[in-house]
Amino acid sequence: MSIIVHSGDMDKLYSALILATGALAMGMEASLFFTFWGLVRLKKGGLERGGLSRMNMLGLGRWMMRRRMKRANVASLERLLKDFKELGGKIIACDMTMEIMGIKMEDLREDLITDCGAVGTYLEEAKQSRINLFI
Amino acid sequence: MSIIVHSGDMDKLYSALILATGALAMGMEASLFFTFWGLVRLKKGGLERGGLSRMNMLGLGRWMMRRRMKRANVASLERLLKDFKELGGKIIACDMTMEIMGIKMEDLREDLITDCGAVGTYLEEAKQSRINLFI
Amino acid sequence: MSIIVHSGDMDKLYSALILATGALAMGMEASLFFTFWGLVRLKKGGLERGGLSRMNMLGLGRWMMRRRMKRANVASLERLLKDFKELGGKIIACDMTMEIMGIKMEDLREDLITDCGAVGTYLEEAKQSRINLFI
């Protein structure tokens, strides 16, 4: 399974991570390619920054959200990313995004990222994947 | 074909339903997995609630939109969902979304939903699909 | 590779074009299906219209963005679309979108578009593709 994580919306990051970790748990291989706003989330401190605005629209406060996620046994994004990597998942940072947005490797969560890559890296992986998504 | 319907935007719901119903019409099998804002649309009354704001940005009023869709022979979302189910398509509600957002089965359009499911249900279906999309 | 270009956001158009042109460069075949807001971008003058609002949110002005993209050797969307077509890529305009939005063929960039098509055209192409994305 390969997923391009283009969006930085919290709800979409959750979807991506839950799908990808689920795939690993079922014995599949999985790669996440972080580009644009998705990659911005992998900057140091990027996961904590408010991004639940759309969730709030539904009338759910940040605190309420956290409580419900806990009750539903949904780990934090931080935890999901760490689990994903520990289970053997690959996290690739898009180097073109880094250049355009002026992001340096040391600005990113190097503990989470497996490697940098370009479109060729993605396509090689996607060609061999049964499931490819753009989130 | 499998589609994760994450968005609740009317234009994206249309895309998902037109693609999925088209697949059935061509003799393919198709499953729709409703999560997050997509699932919110399957709450009783959820399809009627205003969500054409982005369409309005284009300068098309709600009434104009309806008239044009009628002229282009595009059925309403309600009709498309019913047709999809009657033609044998599967509509799965994401049970994690239900737990997080506090949605109960009786809050949802039970007449449209085939089943509840988790990430494993989706992945099994997607592994056997030629076309997988995240909308 | 097949990509449905539903979004008109500049950052997503870039992703779609960079992926699709990359696929051609690797010897794959690639088709882009422009629907809804994606198709609106293919109207005459549609690529120039401001759509970098979300990019500006990041604190990058339009001018800064252009300079950085140039430095990173990223061509303009105009250039990417032309290159894609010249390298043999197919650009299909969704005829249902045209009917709903009242777009006529002469309103569109006919120099870029290979053909018009409906959901059946897309599905035939997608069934034969190793990678299918919805952007």
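Counting starts from 1 at the beginning of each chain's written sequence and moves along it residue by residue. Lettering for chains starts from A, numbering for ligands starts from 1, and both go in the order in which the items are written. It should be noted that, the model being predicted, local features are given only for residues of pLDDT at least 70 and side-chain atom pairs only at 80 or more, the latter also being counted only at that level, while totals for whole chains, interfaces and linings use all residues. In computing side-chain properties, one takes all heavy atoms of the structure into account and sets aside hydrogens as well as water.

Looking at the interface of chain B and chain C
- It only takes one pair of heavy atoms within 4.5 Å for two residues to be counted as in contact. Contacts between the two partners involve 27 residues from chain B and, on the opposite side, 21 residues from chain C.
- Note on chain B versus chain C: buried area summed over both sides is about 2200 Å², and carbon and sulfur give 72% of it.
- What makes a salt bridge here is a side-chain nitrogen of Lys or Arg within 4 Å of a carboxyl oxygen of Asp or Glu, nothing more. Inspection of the chain B/chain C interface yields 0 salt bridges.
- Residues adjacent in sequence count toward polar contacts only when both atoms are side-chain atoms; beyond that, a polar contact is any pair of N or O atoms within 3.5 Å, and within protein one must be able to donate a hydrogen and the other to accept it. Between chain B and chain C we count 5 residue pairs in polar contact (both at pLDDT 80 or more) in total.
- Put simply, DSSP H or I for four residues or longer makes a helix, DSSP E for two residues or longer makes a strand, and each gets a number counted from the N terminus. With 8 residues, the single largest contributor to the side of chain B that touches chain C is helix H1 (residues 10-25) of chain B.
- Gly is placed with the polar residues, together with every amino acid not listed as nonpolar (Ala, Val, Leu, Ile, Met, Phe, Trp, Tyr, Cys and Pro) or charged (Asp, Glu, Lys and Arg). Residues of the side of chain B that touches chain C, tallied by class, amount to 18 nonpolar, 3 polar and 6 charged. Here the buried area means the combined drop in accessible surface, using a 1.4 Å probe, for two parts upon being joined, counting both sides.

Remarks on the relation of the copies chain B and chain C
- Least squares is the method for superposing the copies, and the C-alpha atoms it fits come from residues with pLDDT of at least 70 in both. Expressed as a screw transformation, the operator carrying chain B onto chain C has a rotation angle of 120° and an axial translation of 0.0 Å, and the superposed copies differ by an RMSD of 0.0 Å. In symmetry terms, the pair is related by a three-fold rotation axis.
- Here only 11% of the interface residues in chain B have copies in chain C that are interface residues too; the copies meet through unlike faces.

Re the sheet that holds strand E4 (residues 115-117) of chain A
All names here are of chain A.
- Should DSSP find at least two bridges between two strands, the strands are regarded as paired. One open sheet accounts for 5 strands, arranged E4-E3-E2-E1-E5; its pairing is parallel. At either end of the open sheet lies a strand with only one pairing partner, and these are E4 and strand E5 (132-134). Each strand of the sheet is rotated relative to its neighbour by a mean of 25°, with strand direction disregarded.
- Alignment of strand E2 (residues 31-34) against strand E3 (residues 90-94), held across 4 bridges, turns out to be parallel. When the sheet's bridge partners are listed, Ser31 is paired in E3 with Lys90. Every axis in this analysis is a line fitted to C-alpha atoms, fitted for helices over the stretch in contact. Angles between the N-to-C directions lie between 0 and 180 degrees.

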